[in-house]
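# Examination of the molecular architecture
So the chains spell out like this:
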Amino acid sequence: MTDTSHDRLLIIDFGSQVTQLIARRLRELNVYCEIHPYQKVTGAFLADFAPKAVILSGGPASVIDDGSPRPPASVFELGVPLLGICYGQQVMMHMLGGKVETGHGTAEFGRAFVTPTADHIPLLDGWFTADDDKEQVWMSHGDHVSEIAPGFQVYGTSPNAPFAITADVARNFYAVQFHPEVHHTPNGAKFYENFVKLAGFSGDWTMGAYREEAIRKIRETVGDAKVICGLSGGVDSSVAAVLIHEAIGDQLTCVFVDHGLLRQGEAEEVVAMFRDEYKMPLIHAEEQELFLGQLDGVSDPETKRKIIGKLFIDVFQKHASAVGGAKFLAQGTLYPDVIESVSFSGGPSVTIKSHHNVGGLPEKMGLKLVEPLRELFKDEVRALGMELGLPKSFIGRHPFPGPGLAIRCPGEITRPKLEILRKADAVYIDQIRKHGLYDDIWQAFVAILPVRTVGVMGDGRTYDFACALRAVTSVDGMTADYYPFSHEFLGETATRIINEVEGINRVTYDITSKPPGTIEWE
């Protein structure tokens, strides 16, 4: 959706897993931006889009390789501020007359510190804040710039990146080797604030504006057709449903698929909320036997996701005819779902895992998709929910995956294991709420492990399941760290689970960050 009512910033995507974080930083500054893969950005595209500034993203390729990604040469002739990040810096230098090399001990992955040179430019206003005049940044590069292009000067260096910050101020070209968009670059927001300021953006794009534009786009896309919405009861699908209902009213019917993989009491809560509070047409599709039957004996996580994705669509297709021939399926797909399944808008990023509402869709599903949240992160969805008037207590709920407990049950799924998992999860969340920690945590859940362990209860031997507690802090779901519970909390929670949940005799706590792990176990 190209919006012509705002100044627009173009992000050219070369396949970095964190490209969307650039957009998120810009949205925080109320700057309207769009991401487009380099393959689609031609000279004609640039002329039509007419960006006020351009950012070249990072990416996994090597600029030295034949056929590596390039922006069109005309991007350097637009006369607008241009910022290259990591691979974006390297491709700028390569195309403008500099040199990029690989190896030689200059690769950097992780935390680094950039020191300013004697000269200063507005891009760095207020950016070097540390007393020792060094700024922490996040590096992730194998190749490095060995010679800067004519017209560029160096404004910041790091031990392994002598050209960490370079610029040709006369042409408003800027290039950095690090990633200011990630949260491991603590002052990255200030860096982007300076860039959009020197580019002359007024900061007039807000969540209220996004709401209006999304409603307009939904109406244009749908027309007078009927829409069914896959409603899970989580924040994402619920915000999508309320937004679409505001756009097209009774043309929307929500389909709540009760697949037998929900948490304790969740089905009853969701049905009551949308039928009684929001007064939306709702079909409660009780399909527990269908889903659990198809998943019987399946242990591979990707196979589970594919099965669940296909069955979701089968159920939606079945109920589409029941509401008078719906032509569209609405989903609460978010950008982290998209970027981990396929790259945004067809770019070259690497697949991490399939998501049930992205990677599991068959090519010919018979319904067209409406995904109004596809370009948003979770915190942006929550802001949109507030804009739409949803209760704060509801908007603050932890994320819950579409495949439900299937991906919190590594190995084969059985009904007894699911019942054990529901009870353990309920105890864990109750503990978190009792200790006043729920709002401090991004997501918390229990995973039941595919192993049994020996234990002692009373004077008898037990041979029951082990479980893992998981709780993480995050801002956008792209990176996460484990929540630092006290040992007292963990001990108390483990005791409650073992005493109250028959079938578990051992409790562990998962302290893996993302990366290298993912938030969910599968």
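Up top is the structure these notes are about.
All of these numbers come straight from a predicted model, not from anything done at the bench.

In terms of regular secondary structure, the protein is built from 14 helices and 20 strands. Relative to the 2.2 N^0.38 estimate, which gives 24 Å for 522 residues, the radius of gyration of the protein is 25 Å and therefore close to what a compact globule would have. Along the first, second and third principal axes, the C-alpha set of the protein runs to 75 × 60 × 40 Å. Counting every position in the protein, which comprises 522 residues, the buried fraction comes to 58%.

Moving on, we get to the pattern of salt bridges. When their charged atoms lie close together, side chains carrying opposite charge are able to pair. A full pass over the atoms with the stated rule returns 22 salt bridges. Asp7 is paired through a salt bridge with Lys52; the nearest N and O atoms lie 4.0 Å apart. Highlighted residues: Asp7 in the segment before β1 (8–13) and Lys52 in the loop between α2 (43–49) and β3 (53–56), separated in sequence by 45 residues. Under the relative-accessibility criterion, Asp7 is labelled partly exposed at 31%. One salt bridge connects Glu500 with Arg496, and the closest N-O pair in it is separated by 2.8 Å. Of this pair, Glu500 and Arg496 both sit in helix α14 (residues 487–500), 4 residues apart, which is roughly one turn of that helix. For Arg496, a relative accessible area of 18% puts it in the buried group. Overlapping salt bridges bring together Asp430, Lys434, Arg496 and Glu500 as one network.

Bringing helix α4 (residues 188–198) into the picture now. Taken together, the buried positions of α4 are Gly188, Phe191, Tyr192, Asn194, Phe195 and Val196. Once α4 finishes, Gly200 follows within two positions and takes phi at roughly 85°, a positive value.

Below, the discussion takes up the sheet that holds strand β14 (residues 282–286). If you trace the 5 strands from one edge of the open sheet to the other, you get β14-β13-β12-β15-β16, paired in parallel fashion. The open sheet has two free edges, formed respectively by β14 and β16 (368–370), since each of these has just one partner strand. The average undirected angle you get between the axes of adjacent strands in this sheet is 30°. Where strand β12 (residues 227–231) meets strand β15 (residues 328–330), 3 bridges bridge the pair, whose relative direction is parallel. Looking at the pairing, Ile228 lines up with Leu329 of β15. Across the sheet, helix α7 (residues 266–277) lies against β12, β13 (252–258) and β14, angled at about 165° from β14, the strand it touches most.

Relative to the elements of secondary structure, Ala47 occurs in helix α2. A C-alpha to C-alpha distance of 31 Å links Ala47 and Ala164, two positions 117 residues apart in sequence.

To continue, consider the pairing of strand β17 (residues 443–457). On a regular strand, each side chain points to the face opposite its neighbour's, so the side chains alternate between the two faces of the sheet. For β17 and strand β18 (residues 460–473), the ladder comprises 12 bridges, and the chain directions are antiparallel. Residue pairing for β18: Val454 is matched across the bridge by Tyr463. Counted along the chain from β17 to the antiparallel partner β18, the turn is 2 residues long, and its residue Gly458 has a positive phi close to 70°.

Procedures and definitions
Residues numbered from 1 in each chain as written. Predicted model: local features only at pLDDT ≥ 70, side-chain atom pairs only at ≥ 80, totals over all residues. Heavy atoms only, no water. Helix = DSSP H or I, 4+ residues; strand = E, 2+ residues; numbered from the N terminus. Rg over C-alpha atoms; globule rule 2.2 N^0.38 Å. Buried < 20%, exposed > 50% of the residue type's maximum accessible area, 1.4 Å probe, protein only. Salt bridge = Lys/Arg side-chain N within 4 Å of Asp/Glu carboxyl O. Pairing = 2+ DSSP bridges. Axes fitted to C-alpha atoms, helices over the stretch in contact; angles between N-to-C directions. Contact = heavy atoms within 4.5 Å.

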